[in-house]
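What follows is each chain in one-letter form.
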Amino acid sequence: MSSLSALPMNLFFIRIRKLLHAFSSSSGMRALKHGVAASIEHSSALGDVQYKTIVDIGANVGQFALFARERYPKAAIFSFEPLEDCWTTFSSIFGSDQQVQLFRCAIGPTDAKAAINVTKENDSSSLLAPAATQVEVFGTEVSAKKTVELRRLPSVLSGEQIATPALLKIDVQGFELDVLRGSEELLERFDTIYVEASYVELYQGQALAGDVIEYLRTRRFELRGVFNQHLDGSRGPLQADFLFKQVRS
């Protein structure tokens, strides 16, 4: 059985939609040559706001940045990715595009060096080790450990660089709360925070969705929607994308 035919039906149709979308634009075709398609599954979640700044934490090879570049053509995009293997692909897609800037580091609660668990599918790589459920459901295998740069967001970006309305997107495989804690002084600059989080432990010691929701509630961000839930037949929902809006007085 091919890997495509083995996909759950919802993921199969998402993949087909991504391919059709890629063929509809020159940027999509260019990215597809590198095996990358824009993450259009986020379209309905993010609505009609025309963000001026996108901070893309956990950029991988540029899937979300490509989506954001198409959706918000006037926005400045700041992408963060610690894995060297991803940088070449990302740079090949965006080239000298001056609206997209790649920072070759992870974001976390401190400025330091950190060990990252590199998995065979690099979009499962994490600063946390895979837990049993991650291995059982997704077949995740750690192939190497690498030392990467870890930075707090205010060590890299200033508030003045974040023009509003601004979107903070986080997809970091269990490290979400650490990213938020390392970004705390800048959170007020963001109108929207869009974060993938888990209902169950997929990475050892990770904060779960409830922890992320509570942390952001105390920083005046209200949960407005849950999207793209990943369901497992025996366990129920494993993870999803959570959309938060800042509550301004």
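Computed from a prediction, not measured in an experiment: that's the story for all the values here. (Residues numbered from 1 in each chain as written. Predicted model: local features only at pLDDT ≥ 70, side-chain atom pairs only at ≥ 80, totals over all residues. Heavy atoms only, no water.)

(A) View of the sheet that holds strand E6 (residues 142–151). The mixed open sheet is built from three strands, whose spatial order is E4-E6-E5. What marks the edges here is a single partner per strand, and that holds for strand E4 (106–107) and strand E5 (112–119). (Pairing = 2+ DSSP bridges. Helix = DSSP H or I, 4+ residues; strand = E, 2+ residues; numbered from the N terminus.)

(B) Molecular detail of the environment of proline 109. Structurally, proline 109 is set in the loop between E4 and E5. A sequence separation of 75 residues divides proline 109 from glutamate 184, and the C-alpha atoms of the two residues are 9.2 Å apart. Discounting chain neighbours no more than four positions away, the residues touching proline 109 are Leu150, Arg152, Phe175, Asp178 and Gly182. (Contact = heavy atoms within 4.5 Å.)

(C) The arrangement of helix H8 (residues 209–218) in detail. For H8, every residue scored as buried is listed here: Ala209, Val212, Tyr215 and Leu216. All buried residues of H8 lie within an arc of 130 degrees about the axis, which places them on one face of the element. Those residues of H8 that are buried are in contact with helix H7 (176–181), strand E8 (192–198), strand E9 (221–232) and strand E10 (236–246). Residue arginine 220 follows H8 closely and has a positive phi angle near 70 degrees. (Buried < 20%, exposed > 50% of the residue type's maximum accessible area, 1.4 Å probe, protein only. Arc of directions from axis to C-beta.)

(D) Representation of the nonpolar core. In this structure, Ile54, Val55, Phe80, Leu168, Leu180, Ile193 and Leu216 are the most contacted members of the largest nonpolar core, which totals 71 residues. With residues near it in sequence (within four places) discarded, leucine 180 still touches Leu168, Ile170, Leu187, Ile193, Val212, Tyr215 and Leu216. (Core = buried A, V, L, I, M, F, W, Y, C linked by side-chain atoms within 4.5 Å.)

(E) Representation of the packing of helix H4 (residues 63–71) against helix H5 (residues 84–94) within the structure. The geometry of H4 relative to H5 is characterised by a closest axis approach of 10 Å and an angle of 15 degrees between their N-to-C directions. Judged by the inter-axis angle, H4 sits roughly parallel to H5. Where H4 crosses over H5, the handedness of that crossing is right-handed. Touching Ala65, Leu66 and Arg69 of H4 are Phe90, Ile93 and Phe94, all from H5. (Axes fitted to C-alpha atoms, helices over the stretch in contact; angles between N-to-C directions. Parallel < 35°, antiparallel > 145°, perpendicular 65-115°, else oblique. Left-handed = near helix turned anticlockwise from the far one by under 90°.)

(F) View of the environment of phenylalanine 80. Position of phenylalanine 80 relative to the elements: it lies in strand E2 (residues 76–80). Exposure remark for phenylalanine 80: the relative accessible area of 1% places this residue in the buried category. Sequence separation between phenylalanine 80 and leucine 153 is 73 residues; the distance between their C-alpha atoms is 9.7 Å. When residues no more than four places from it in sequence are discounted, the contact partners of phenylalanine 80 are Val55, Asp56, Ile57, Gly58, Ala59, Phe103, Cys105, Ile107, Leu153, Val156 and Leu157.

(G) Seen up close, the pairing of E8. Burial analysis of E8 places seven of its seven residues in the buried class, the great majority of the element. Residues Thr192, Tyr194, Glu196 and Ser198 line one face of E8 and the alternating positions Ile193, Val195 and Ala197 line the opposite face, and both faces are buried. As paired strands, strand E7 (residues 166–170) and E8 are joined by four bridges and run parallel to one another. In the sheet register, lysine 169 faces E8, and the bridge partner there is tyrosine 194. As a crossover connection, the stretch from E7 through H7 into E8 is right-handed. Note: E8 against E10, seven bridges, orientation antiparallel. Of the residues in E10, the one forming a bridge with valine 195 is phenylalanine 242. (Right-handed = clockwise from strand over helix to strand, strands pointing away.)

(H) A look at the side chain of serine 126. Assignment of secondary structure puts serine 126 in the loop between E5 and helix H6 (132–138). Separated by 2.9 Å, the side chain of serine 126 and the backbone nitrogen of leucine 128 make a polar contact. Polar contacts involving the side chain of serine 126 include one to the main-chain carbonyl oxygen of glutamine 173, which spans 2.8 Å. In this view, serine 126 contacts Ile116, Asn117, Val172, Gln173 and Tyr203; residues no more than four positions away in its chain are not counted. (Polar contact = N/O pair within 3.5 Å; in protein donor to acceptor, adjacent residues only side chain to side chain.)

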